[in-house]
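Given next are the chains, with one letter for each unit.
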Amino acid sequence: MTVPQHLLLVVDPSAGSVSNLVEADVQHPQLSVLDVAATRGDGIFETLSIGLGHPQALDAHLERFARSARMLDLPAPELALWRAAVLAIAHRLADHAEAWVKIAYTRGVEGQPLPTGWAYGTVSPDFRRERAEGVSVVLLDRGLRSDVSATSPWLLAGAKTLSYAVNRAALREAQRRGADDVIFVSSDGLLLEGPTSTLVVRRGDELATPPDSCGILPGTTQVDLFAVADQWGLNTAVVQLTADDLCGADAAWLVSSLRHAAPVRSVDGVAFAIDTELSTTMNEFLRARQS
Ligand code: PLP
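Residues numbered from 1 in each chain as written. Predicted model: local features only at pLDDT ≥ 70, side-chain atom pairs only at ≥ 80, totals over all residues. Heavy atoms only, no water.

**Q** For the pairing of strand β10 (residues 197–203), give the residues involved together with the corresponding values.
**A** The buried fraction of β10 amounts to six of the seven residues, a majority that puts the element mostly inside the structure. Relative to β10, strand β9 (residues 193–194) runs antiparallel, the two sharing two bridges. Paired with G194 across the strands is S197, a residue of β10. Counting the residues that bridge the hairpin from β9 to β10 gives two residues. Pairing between β10 and strand β13 (residues 251–256): five bridges, direction antiparallel. Looking at the pairing, L199 lines up with L254 of β13. Where β10 meets strand β11 (residues 206–209), three bridges bridge the pair, whose relative direction is antiparallel. If you follow R202 over to β11, its bridge partner there is L207. (Buried < 20%, exposed > 50% of the residue type's maximum accessible area, 1.4 Å probe, protein only. Helix = DSSP H or I, 4+ residues; strand = E, 2+ residues; numbered from the N terminus. Pairing = 2+ DSSP bridges.)

Here is the structure:
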């Protein structure tokens, strides 16, 4: 039996040096009650998986971190510093087959010019059941058009902000409807993403996913899967998808950094076929990544 480790590094984002990592005790409060992360959810984050000490898709997560910072007009994060924080935590978690680290970067204490940052890591939950048996999903209207990124960039669609209250509310709504998870739909009828995952469907020998231009977070897990899909005899497509496309698909997954590939086993209460073989292949590949 392994003892979970909880690790926290407080990052001083005002300077770029790795010596600006301060180890902190996660049992003790670290965040000011005046930090806008706490009072307004005004900041960004990334959550990465760590397999036996290897942070997975680290470059892609750091790039997305920088992208989210730009979208929120935060000072550009010093990526070498954040990389060092992730690697320091990953190193300590190297005995664990699956762990994770979250990095967070906020606008800082109200009225002060310095951002706040921290990295936190621990052992992952056991996702074997979701990966094997799949998740039941409901389709929920997000209430935004699929061109929201272009028309209303201030809504920050597709940024990984600390304001995840809406995503969590959607998951509670799914539970009220007897389901495990959600696929958001735009008000003009396009499938978007899950509250913490990217939608991937298989249609024959093609894997398809909706485009980021629909106002969704560009998923790192989906990109890694699509990069190797040809080795599994599959083509890939980034295309707009509707609920009818999902119902007509051969299989579907919600993919994400920690849970990896969770097959969809029902949509709005209607049973959906699970592609067990491809699910296993995907999850073995995702778990084995060393970068
Ligand atoms: N979409 C949203 C809204 C998410 O929060 C996440 C991950 O948390 C994803 C998609 C999947 O992204 P990734 O595969 O990089 O974990």
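**Q** Describe the packing of helix α7 (residues 220–228) against helix α9 (residues 276–288), and please don't skip the residues or the numbers.
**A** Where α7 contacts α9, the axes come no closer than 11 Å and their chain directions differ by 110°. By the criterion of interaxial angle, the relationship of α7 to α9 is roughly perpendicular. As α7 packs across α9, the resulting crossing turns out to be right-handed. When α7 is examined against α9, the residues T221, D224, L225 and V228 are found in contact with a partner set consisting of M282, F285 and L286. Here the residues of the contact of α7 with α9 sort into five nonpolar, one polar and one charged. (Axes fitted to C-alpha atoms, helices over the stretch in contact; angles between N-to-C directions. Parallel < 35°, antiparallel > 145°, perpendicular 65-115°, else oblique. Left-handed = near helix turned anticlockwise from the far one by under 90°. Contact = heavy atoms within 4.5 Å. Nonpolar A, V, L, I, M, F, W, Y, C, P; charged D, E, K, R; others polar.)

**Q** Mind laying out the site of the ligand, listing which residues take part and the relevant values?
**A** In the region of the ligand, 17 residues are neighbours, and R64, Y164, T220, T221 and S257 sit closest. Here S197 contributes a backbone N or O atom positioned 3.4 Å from a nitrogen atom of the ligand. One nitrogen or oxygen atom from the side chain of T221 is found 2.5 Å from an oxygen atom belonging to the ligand. Elements represented by at least two residues in the shell around the ligand include exactly α2 (58–71), β9, β10, α7 and β13. Residue classes in the shell around the ligand are distributed as four nonpolar, 10 polar and three charged. (Near = heavy atom within 4 Å. Polar contact = N/O pair within 3.5 Å; in protein donor to acceptor, adjacent residues only side chain to side chain.)

**Q** Describe the layout of surface pockets, naming the residues involved and giving the relevant values.
**A** Within this model, the second largest pocket holds a volume of roughly 470 Å³. If you trace the second largest pocket, you find 21 residues lining it, with E98, D126, R128, R131 and R287 closest to the centre. Broken down by secondary-structure element, the contributors of at least two residues to the lining of the second largest pocket are α4 (128–133) and α9. For the lining of the second largest pocket, the leading source of residues is α9, giving six residues. Across the lining of the second largest pocket, the residue classes tally to seven nonpolar, seven polar and seven charged. (1 Å grid on protein atoms, 1.4 Å probe; cavity = no way out; pocket = protein on both sides within 12 Å on 5 of 7 lines; lining within 4 Å. Points joined across faces, edges and corners; volume = space filled by probe spheres on them.)

**Q** Any details on the environment of A97? Residues and values, ideally.
**A** Relative to the elements of secondary structure, A97 occurs in the loop between α3 (79–92) and β5 (99–106). Here A97 falls in the partly exposed class, since its relative accessible area comes to 40%. Spatially, the C-alpha atom of A97 lies 35 Å from that of V36, the residues being 61 residues apart in sequence. The contacts of A97, once residues within four sequence positions are left out, are I50, G51, L52 and R287.

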